[in-house]
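# Architecture at a glance
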Amino acid sequence: MPEKSGIENLLHETRRFSPSSEFVAQAVAKPELYSEAKADRLEFWAKQARALHWHKPFTKTLDFSNAPFASWFEDGELNVSYNTLDRHVIEGRGDRIAIYFEGENGDTSTYTYAQLLTEVKKAANAFQTLGLVSGDRVAIYMPMVPEAVIAMLATVRLGAIHSVIFGGFSAESLRSRINDAEAKLIITADGGYRKGKVSALKPAVDEAIADSACPSVKAVVVLKRGGNEVSWNQNLDHWWSDVVDSASPEHEAKAFGAEHPLFILYTSGTTGKPKGILHTSGGYLTQATFTHKNVFDIHPTKDIYWCTADVGWITGHTYVVYGPLANGVSQVIYEGTPDTPDWGRWWKIVEKYKVTILYTAPTAIRTFMKLGREIPDKYDLSSIRVLGSVGEPINPEAWIWYRDVIGGNNAPIVDTWWQTETGAIMISPLPGITATKPGSAMIPLPGISMEIVDDAGKKVTSGGGYLTITEPWPSMLRGIWGDNERYKETYWSQHPGKYFAGDGAKLDTDGDVWILGRVDDVMNVSGHRLSTAEIESALVSHPFVAEAAVVGAKDETTGQAVVAFVILRSDQVAAAGSDSDVSKLLRDHVAKEIGAIAKPRTIMVVAELPKTRSGKIMRRLLRDVAEDRPIGDVTTLADTSVMSVITDKLEAGATD
Ligand code: WT7
């Protein structure tokens, strides 16, 4: 179990923050949730599931006889789009605002639930006309605009399966995801606004599918948003406005089985190839809806909710699209980055829409903290009553700053631990119940069973170990698209009978959980998951590179940063030029292969890499170098002099 420095201090954190009595009095989540779930976990989840609309009610809650493959509410039938839209309209909530859209360029629009439903029905009809049927896959590569949500809901309305690909991924990444899922339809745009510029999305789609590289693709729908000139393929391309605007606004949502696939979302693992995480309908929507309502204390008629995540990530799926819309709350969707036109943008949005619940990532909080409280202090943030954090551990300093400066020293903070694979929040305080500790995600939610175990798989009652989930949960992944073996191997083989999340964690003496971060070769940069192996294989795909090793090094703002060590091919050293030339070139190469988010912060050209006698790279030692620490124990290296060769070169100033 790798030790992380500093955690011992955290475990002695004595500050506690209890919700105010006013908050407690109006809180959605009551303490009985814990006792109810404890008394009968399955009945507890069945009760949450019954809060949805079922075309055909389920009679069975869980079938885990084919473990680790689970099915929840299997004989029930529902339509997820119906639950997020039609239901509100039919029950008289159609005039409520679903989305306040704020474009980065200043454009704004609003959609009521009734209007959003009409748009989704039109898009569903349009997609159907293009040949989409239940079970087909749809790749969505869009800016953060309402049409991205509409495209997702129209897809699932038809029983088709979306695979949203974050707009920052490269054409290469897009192609491999389109092909892995064999997508029939691609939904994209002529750009979106980010950092004051218009992003290029359609050119990446064109490049990805050029030369019949994606034979499954039968049509591409292009939304007009950024106004970029786009090249046009008469056989494939359709403007959104041509196919959607004229489509019929009538569309009946058919029921699908609870285990009907809902979406695939690719995420990085320990090997080079991203995994297509598969989620299904009934269980996912149950836990998305329950957790959204209780963790964020949603009062649908009063709250203005804002989750800053892009729909390209799981947070955007569960806490922008499915949870909030199923709960019928009004939410803000912002297209761009927090620094455009200046660093006051987010706080201006909070003030303008009177946002009551804000859900964001520690990396953003740390960035604002560094810039100083003068910026948020210029705006009226008094509407905020709940603050959420997700994606990486939040350090106590950032936690306190968030509460104090953004939350007026009053709003409860919910630090929510979960993953693409878990589908919804698993560990979190409940804001009207839990007395929180800055930096701890506290305890598993009602209905969730977890254990921290040691190397031998034994449960630890205090101290550190591996974070495991011991019972199936409704929104658990149902597998890896097209690879059942990999699903079993990746998540269920380390600790028999238990799901292993990949994170280390410690329990303090009160039984509260402190997440230590990944214990595998997965990095977390600004709350985004990146694989060391994937970046290494991107680096060695360049003709200059013989070998590469990538580590995640501590970074004050982004949590971790990508640091790469490369050995150049001896016959290419002259061609490669200076270390700084080659470093720039390779950083751009990684951006092209994977996407800008994967660009190494630093690339160090070295003569050798530290390896064990069995040839395994000792990343621990490279992390010492990257974090500028004394080098740890080198005795297991095949050649113990390697580290001094590396550090001597770096000390001579020949880095980057
Ligand atoms: C990994 C999952 C879940 C949405 C965003 C990321 C880390 C997530 C926390 C938290 C400490 C966290 C874990 C996890 N993580 N939330 N509150 N405290 N670490 O989703 O890309 O699937 O990454 O993010 O390491 O395994 P993801």
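Residues numbered from 1 in each chain as written. Predicted model: local features only at pLDDT ≥ 70, side-chain atom pairs only at ≥ 80, totals over all residues. Heavy atoms only, no water.

### A closer look at the nonpolar core
The test is simple: Definition used in this section: a nonpolar core is a set of buried Ala, Val, Leu, Ile, Met, Phe, Trp, Tyr and Cys residues joined via side-chain atoms within 4.5 Å. Relative accessible area decides the class of each residue, using a 1.4 Å probe on protein chains only: under 20% of the type maximum gives buried, over 50% gives exposed, and in between gives partly exposed.
Counting residues in hydrophobic clusters, the biggest one holds 161 residues, and the most contacted among them are F127 and Y322. Residues I304, Y334, W346 and L387 belong to the second largest nonpolar core, which totals 29 residues.

### Regarding the site of the ligand
Quick reminder of the rule: In these notes, residues near a molecule or strand are those with any non-hydrogen atom within 4 Å of it. Residues adjacent in sequence count toward polar contacts only when both atoms are side-chain atoms; beyond that, a polar contact is any pair of N or O atoms within 3.5 Å, and within protein one must be able to donate a hydrogen and the other to accept it. In this text, helices come from DSSP runs of H or I with a minimum length of four residues, and strands from runs of E with a minimum of two, each type numbered from the N-terminal end.
Taken together, 18 residues sit near the ligand, with D415, T416, T420, D503 and R529 positioned nearest. Contacts to the ligand include E392, whose backbone N or O atom sits 3.3 Å from a nitrogen atom. At a separation of 2.7 Å, an oxygen atom of the ligand approaches a polar side-chain atom of D503. Contributions of two or more residues to the shell around the ligand are made by helix 12 (314-327), strand 20 (413-416) and strand 25 (513-518).

### Here we look at the sheet that holds strand 6 (residues 137-140)
Here is the rule: For two strands to be treated as a pair, DSSP must find at least two bridges joining them. Working rule for contacts: check all heavy atoms of both residues, and any pair within 4.5 Å makes them a contact. What counts as an axis is a line fitted to C-alpha atoms, over the stretch in contact for a helix, and the angles between N-to-C directions run from 0 to 180 degrees.
Here we have eight strands laid out as an open sheet, ordered 12-11-8-6-7-14-15-23, and mixed in their pairing. Both edges of this open sheet fall to strand 12 (237-239) and strand 23 (479-480), since each of them pairs with a single strand only. Pairing geometry for strand 15 (residues 275-280) and strand 23, over two bridges, is antiparallel. By the bridge assignment for strand 23, I277 is matched with I480. Together, strand 6, strand 7 (161-164), strand 8 (185-189), strand 11 (219-223) and strand 14 (261-267) form the strand contacts of helix 7 (residues 146-157), whose direction differs from that of strand 7 by roughly 150 degrees.

### A closer look at the packing of aromatic side chains
What counts here: Classification of ring pairs rests on two measures: the distance between centres of Phe, Tyr or Trp rings, Trp counted by its six-membered ring, which must be within 6.5 Å, and the angle between planes, read as stacked under 30 degrees, edge-to-face over 60 and tilted in between.
In this structure the tally under the stated criterion is 36 aromatic pairs. Centroid distance W306 to W346: 5.6 Å. Interplanar angle 65 degrees. Geometry classified as edge-to-face. Within this pair, whereas W306 is found in strand 16 (residues 304-307), its partner W346 is found in helix 13 (residues 345-353), the two being separated by 40 residues in sequence. No difference in accessibility class separates W306 from W346, as the two residues are buried.

### Overview of the confidence of the model for the protein chain
Going by this rule: pLDDT is a per-residue confidence score from the predictor, ranging from 0 to 100.
Of the residues in the protein chain, 98% have a pLDDT of 70 or more, and the chain-wide mean is 94. Looking at the elements of the protein chain, mean pLDDT is at its lowest for helix 1 (residues 7-11), recorded as 62, and at its highest for helix 11 (residues 282-295), recorded as 99.

### Describing the pattern of salt bridges
Note that side chains of opposite charge can pair when their charged atoms are close. Put simply, the rule is: Criterion for a salt bridge: a side-chain nitrogen of Lys or Arg within 4 Å of a carboxyl oxygen of Asp or Glu.
Under the criterion given, the structure shown has 42 salt bridges. For D136, the salt bridge is made with K184, and the minimal N-O distance between the two is 2.8 Å. On the criterion of sequence distance, the pair formed by D136 in the loop between helix 6 (113-129) and strand 6 and K184 in the loop between helix 8 (171-181) and strand 8 is long-range, its members being 48 residues apart. A single salt-bridge network, built from bridges that share partners, covers R16, K437, D508, D510 and D512.

### So, the side chain of E335
Note that E335 resides in the loop between strand 17 (330-334) and helix 13. On the basis of relative accessible area, E335 is assigned to the buried category, the value being 2%. Apart from the residues lying within four places of it in its own chain, the contact partners of E335 are F101, E102, G103, E104, N105, P143, M144, V145, G192, Y193, R194 and R225.

### Focus on the sheet that holds strand 19 (residues 386-390)
Taken in spatial order, the seven strands make up an open sheet running 5-4-17-16-18-19-20, and their pairing is mixed. Taken across any chain shown, the strands that pair with only one partner, and hence form the sheet edges, are strand 5 (108-112) and strand 20. With strand direction ignored, the average angle separating the axes of adjacent strands in the sheet is 20 degrees. Relative to strand 17, strand 16 runs parallel, the two sharing two bridges. Directly across from Y305, in strand 17, lies its bridge partner Q331. Its contacts with the sheet put helix 7 on strand 4 (97-102), strand 5 and strand 17, and the angle it makes with strand 5 is roughly 30 degrees.

### Thoughts on empty space enclosed by the protein
Here is the rule we go by: Cavities and pockets are defined on a 1 Å grid built over the protein atoms alone: a cavity is a set of grid points where a 1.4 Å probe fits but cannot escape, while a pocket is an open set with protein on both sides within 12 Å along at least five of seven lines, and lining residues are those with an atom within 4 Å of any such point. Grid points are joined across faces, edges and corners, and a volume is the space filled by probe spheres set on the points. Under this grouping Gly is polar, as are all residues other than the nonpolar Ala, Val, Leu, Ile, Met, Phe, Trp, Tyr, Cys and Pro and the charged Asp, Glu, Lys and Arg.
A full pass over the atoms with the stated rule returns five cavities of 30 Å³ or more. Space inside the largest cavity adds up to approximately 60 Å³. Lining the largest cavity we find L78, N79, V80, V156, G159, A160, F256, H260, P261, L262 and S281. Here the lining of the largest cavity is built from residues that sort into seven nonpolar, four polar and no charged. As a volume, the second largest cavity reaches approximately 50 Å³. Along the walls of the second largest cavity sit M144, W306, C307, T308, A309, V320, Q331, V332, I333 and Y334, which together make up its complete lining.

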